[in-house]
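# Observations on chain architecture
Residues per chain, in single letters:
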Amino acid sequence: MFFKKMRFSKALSAVALGAMTLSGSVSANAAETVPILLCPFGCGPMAGDTIMMNQLIKDGSDVVLLPQETPGYMYNIREMGRNERKQKSSVFKTEDTLIQVAYAGGSKEMKEFVPEPVQVPWKLLYGETWWAQGKFLGTYDCSLKTMSDLKGKRISLGLRGQSDWGVFPRLLLEEVFGITPDNTDIRHMSPAQLTQQLIDGATDAAIIPLGAEPNFKEFMIPGVVRQHEATGKKLCYIGVTKENIEQLNKKFQATWLHTVLPPNTLPHQSEPLGIGVNRAYAAVHASFDEEKAYKTVMAVAKIAPKMRELHALWRVWSPELMTCGLSDDNAHPGAVRAYKELGWWKQSDNPLCTPMTYPAAN
């Protein structure tokens, strides 16, 4: 099935190239194509970036990002770590904390997810939606108040190849609360399956997805949350404390953020909810061409306001979201040049915009 989907992805790229050839708004030599590694067919970024590709073509952009379907962000960082050709030519989607935990690949904590260390100081181009799933859980058993209450229960998480859905919640449960597959029924499955398990009562707690932006004024509520809402049953939430997130950060030299979600952000959420958050980015290898990085950031910055009207993931977009967490140390020089030209390269006073840092390599 995966290879059929990959063939579809290649066909999608061929369609894009054909569209560029036929489009009257793009001259024969104008547009440079840049592959961008995303996630499985059907994921939000795949759909959103396909729309962005079409808009870049229509607008006659001098660079066009070509969406490439992959098994997910865990695959992306491993593939980019070992493929020098892609390092020089491709952009990939990732997260600050995924870059960081990949440094510990092959360790007893990480070998199930990343069998070998990927200790590469990737360079960031621009930020995207911040993700909270995997750093809090949902349940219909409202007697379960804390993560510690879940020991010995049934917990449905995402796949092992999914960072926020599958890997990060495992690290949180094991490293902070001592909840492991040895003492608890932990199940890995697709988002659709884990959602249905929780609704059917086949599991006691499961992942609830949520997207946000740096000021937590705009939220992206995925469709599976609406599935829970449609049941008419009260859904309760199990959050985390700042100390929990700091403990996880210390373990992996990572930059998960803690914040308190305002009441009524999620269905039936009557009280403030402590959650962890990580920041999603488009990234490249340091060897990626500086001019191409500059053009890519400028193209995305120009098309982003229009994308807010075209796809749900882009409704949380802002210049601050693109630059939050970037610094002279972690951003690609071509991206820094673009932001300075745009007037966006300035230190944010948002305490959640602290720069992403790299762990010490072994």
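Heads up: the structure comes first, above all this text.
Computed from a predicted structure; not experimentally measured. (Residues numbered from 1 in each chain as written. Predicted model: local features only at pLDDT ≥ 70, side-chain atom pairs only at ≥ 80, totals over all residues. Heavy atoms only, no water.)

## Describing the overall build of the protein chain
Looking only at helices and strands, the protein chain features 12 helices and 13 strands. Rg of the C-alpha trace for the protein chain: 20 Å, near the compact-globule value of 21 Å for 362 residues, within the 12% margin. Expressed along its principal axes, the backbone C-alpha trace of the protein chain runs to roughly 65 × 45 × 40 Å. Looking at the protein chain as a whole, 56% of its 362 residues qualify as buried. Considering only contacts in the protein chain between residues 6 or more positions apart, those separated by 24 or more positions represent 77%. Here the protein chain displays about 15000 Å² of accessible surface, and carbon together with sulfur accounts for 52% of that area. One finds the centroid of the 39 positive side-chain charges in the protein chain at a distance of 4 Å from the centroid of its 37 negative side-chain charges. (Helix = DSSP H or I, 4+ residues; strand = E, 2+ residues; numbered from the N terminus. Rg over C-alpha atoms; globule rule 2.2 N^0.38 Å. Buried < 20%, exposed > 50% of the residue type's maximum accessible area, 1.4 Å probe, protein only. Contact = heavy atoms within 4.5 Å. Areas by Shrake-Rupley, 256 points an atom, 1.4 Å probe, with all protein chains shown as cover. Lys, Arg positive; Asp, Glu negative; His and termini not counted. Charge placed at Lys NZ, Arg CZ, Asp CG, Glu CD.)

## Quick notes on the pattern of salt bridges
Tallying each qualifying case throughout the model produces 20 salt bridges. Of the charged contacts in the structure, one is a salt bridge between E112 and R160, with a shortest N-O distance of 2.6 Å. Of the two residues, E112 sits in the loop between helix 5 (96–102) and strand 4 (123–131) while R160 sits in the loop between strand 6 (154–157) and helix 6 (163–177), which places them 48 residues apart along the sequence. Assessed through its relative accessible area of 42%, R160 is described here as partly exposed. Between E175 and K251 there is a salt bridge, with its nearest N and O atoms 3.9 Å apart. Pair noted here: E175 is in helix 6 and K251 is in helix 9 (residues 242–252), with a separation of 76 residues, a long-range link. What you see here is one network of salt bridges that share partners, running through K108, E109, E175 and K251. (Salt bridge = Lys/Arg side-chain N within 4 Å of Asp/Glu carboxyl O.)

## Considerations on the sheet that holds strand 11 (residues 236–238)
Taken together, the five strands give an open sheet; going across it, the order is 7-6-8-5-11, and neighbouring strands pair in mixed fashion. Of all strands in the sheet, those with a lone pairing partner are strand 7 (185–188) and strand 11, marking the two edges. With strand direction ignored, the average angle separating the axes of adjacent strands in the sheet is 25°. (Pairing = 2+ DSSP bridges. Axes fitted to C-alpha atoms, helices over the stretch in contact; angles between N-to-C directions.)

## A word on helix 2 (residues 44–58)
Over its 15 residues, helix 2 extends 21 Å from the first C-alpha to the last, a length consistent with the 21 Å expected when each residue adds 1.5 Å. Two residues or fewer after helix 2 comes G60, characterised by a positive phi angle close to 70°. (Expected span 1.5 Å × (residues − 1).)

## Points about the environment of L157
Residue position: L157 is located in strand 6. For the pair L157 and R337, spaced 180 residues apart in sequence, the C-alpha separation works out to 40 Å. Those residues in contact with L157 that lie beyond four places of it in its chain are L137, W165, G166, P169, R170, L173, I186, R187, H188, M189, L194 and I207.

## Remarks on the pairing of strand 3 (residues 91–95)
Burial analysis of strand 3 places five of its five residues in the buried class, which makes it a mostly covered element. Relative to strand 13 (residues 273–284), strand 3 is paired through four bridges, and the arrangement is antiparallel. Looking at the pairing, E95 lines up with A280 of strand 13.

## Section: unusual backbone geometry
Unusually for a residue other than glycine, F216 sits at a positive phi of about 50°. Positive phi values are uncommon outside glycine, yet H268 reaches one of about 65°. Within the secondary structure layout, H268 lies in the loop between strand 12 (257–261) and strand 13.

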